Amino acid sequence: MSSRIWSVDEHLDDILASVRPLEPIELQLPDAQGCVLVKDVVVEVALPPFDNSSMDGYAVRVADVEGASEEFPAVLTVIGDVAAGSAGLADDQAVGPGQAARIMTGAPLPAGAEAVVPVEWTDGGTGEGPADTMRAHSGAPEGATGEVRVHRPVTAGAHVREAGGDVEPGALALAAGSVVGPAQIGLLAAIGCATVVVRPRPRVVVLSTGSELVQPGEQLAAGQIYDSNSFALTAAARDAGAIAYRVGAVSDDAETLRATIEDQLIRADIVVTTGGVSVGAYDVVKEALSSVGDEDEPGSGVEFRKLAMQPGKPQGFGSIGPDHTPLLALPGNPVSSYVSFELFVRPAIRALMGLEDVHRPTARARLDTEKALTSPEGRRQFLRGRYDAEEGTVTPVGGSGSHLIAALAQADALIVVDEDTTSVEPGTETDVILLR
């Protein structure tokens, strides 16, 4: 353990300086979800690629329905059916004076037509009152023959989605650095992209240490507690955008821990441990990893540090294995480990993804509490809180103890108290880190 006291910013800067974005790969669209685009995606095909109807109804010429009403409907001859997915009317057909074509949503606007009249504005070809739905072709054997009475006028382009109305060829669809989410995948598919070049989602291996840890669902014996850290941090890694693997609890044996970590390196872009990093007699992570560096590999190894923060004073960071896989060793107390993850591991994951902004959003908020908050001099304190965006306030949740995990589940923000502040009065404006 280094005798130097590191600031939060120094420790984070050291981590981010050591983490490089993952190499780009080309992925099929379903596999690219959650990844970050490496290259701009430019539209090659207009969206939509042709003028098409946004309604079920009738394609008409504007002049033919001018002044139409229920009392004096425009009576048009129906010359054909245009279904979605079809090529439209026959090549030698067009909507001429006094004519209309039945058209379905998404179908191409036939030649000669200027607008679409919704079926609800017509009699649907029944010769009766206003229709409420378009008859299926099978339910209307006469199909697209006969007449339709139109009860309202339309303007040119009404209920028509113009070709290129969404995006034109040559336009930028998605910029490099964009995260590929469901909407982005939909856009990419719509413009014909089957694959994209992205940085893959980082693979994060999470393991907790401690012979006292038992997996949820098992029976607790005297002196044992349930392993919550590996579950919480695995979920946090997934929330940050990673593919996370939970190894679970490893007993307090240095050789077992070292072997477990080495076995996991094959599927890890980053390793996160929790527990065993302070000054106790059984702090197995320090024992297992302090001398893990390869003498022939400059820069390898894990350094254990004291940080000027609360909670989370003991921390470890370095790289292990032939690929210099980053390893972050976090404290074992549940709140300490979670706060440490948010401050240090999440930014590292986001950096591996190739994102420019790796930090949680922050805000300024007034402290809503009955009495002043105290904070140790020389340490940056992170207190759990609930943030009210409308009121611009933040309310502390629970105490400052690093074991109080119940309060953590109620918090959606971290209240930041600077190193040079020992007391924060009610109503004081302070920085908050937004967790949701």
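Definitions and cut-offs
- Here, residues in each chain are numbered from 1, in the same order as that chain's written sequence.
- The model is predicted, so local features are restricted to residues of pLDDT at least 70 and side-chain atom pairs to those at 80 or more, both for listing and for counting; the totals for chains, interfaces and linings are taken over all residues.
- Think of the side-chain values as coming from all heavy atoms in the structure, minus any hydrogens and water.
- UniProt positions are given in the numbering used here, feature names are shortened, and annotations may be inferred rather than shown by experiment.
- A residue's bend is simply the angle between two axes: one fitted to the seven residues ending at it, one to the seven starting at it.
- Secondary structure elements follow DSSP: runs of H or I of four or more residues count as helices, runs of E of two or more count as strands, with numbering from the N terminus.
- Here the term buried applies to any residue with accessible area under 20% of the maximum for its type, exposed to any over 50%, and partly exposed to those in between, with areas from a 1.4 Å probe on protein chains only.
- The pLDDT value expresses, per residue, how confident the predictor is, ranging between 0 and 100.
- For this analysis, residues touch if any pair of their heavy atoms sits within 4.5 Å.

As annotated in an unreviewed UniProt entry, the protein chain is Molybdopterin molybdenumtransferase from Streptomyces violaceoruber. Per UniProt, the protein chain has the following entry under Function (unreviewed entry): "Catalyzes the insertion of molybdate into adenylated molybdopterin with the concomitant release of AMP."

### Remarks on helix 6 (residues 334-353)
By the largest-angle criterion, F341 marks the main kink of helix 6, which is about 45°. Counting buried positions along helix 6 gives 20 out of 20 residues, so the element sits mostly inside the fold. Positive phi shows up at G354, right after helix 6, with a value of about 90°.

### Overview of the confidence of the model for the protein chain
Should pLDDT be low for a region, the predicted coordinates there are not to be read in detail. The predicted model of the protein chain has a mean per-residue pLDDT of 89, with 92% of residues at 70 or higher. Element-level pLDDT for the protein chain is lowest in helix 5 (residues 284-289), with a mean of 77, against a maximum mean of 97 in strand 2 (residues 25-28).

### A word on the environment of G164
Mapped onto the secondary structure, G164 falls in the loop between strand 11 (160-161) and strand 12 (172-174). On the basis of relative accessible area, G164 is assigned to the buried category, the value being 8%. Through-space distance from the C-alpha of G164 to that of D418 is 53 Å; in sequence the pair is 254 residues apart. For G164, the contacting residues outside a window of four places in its chain are A46, L47 and P48.

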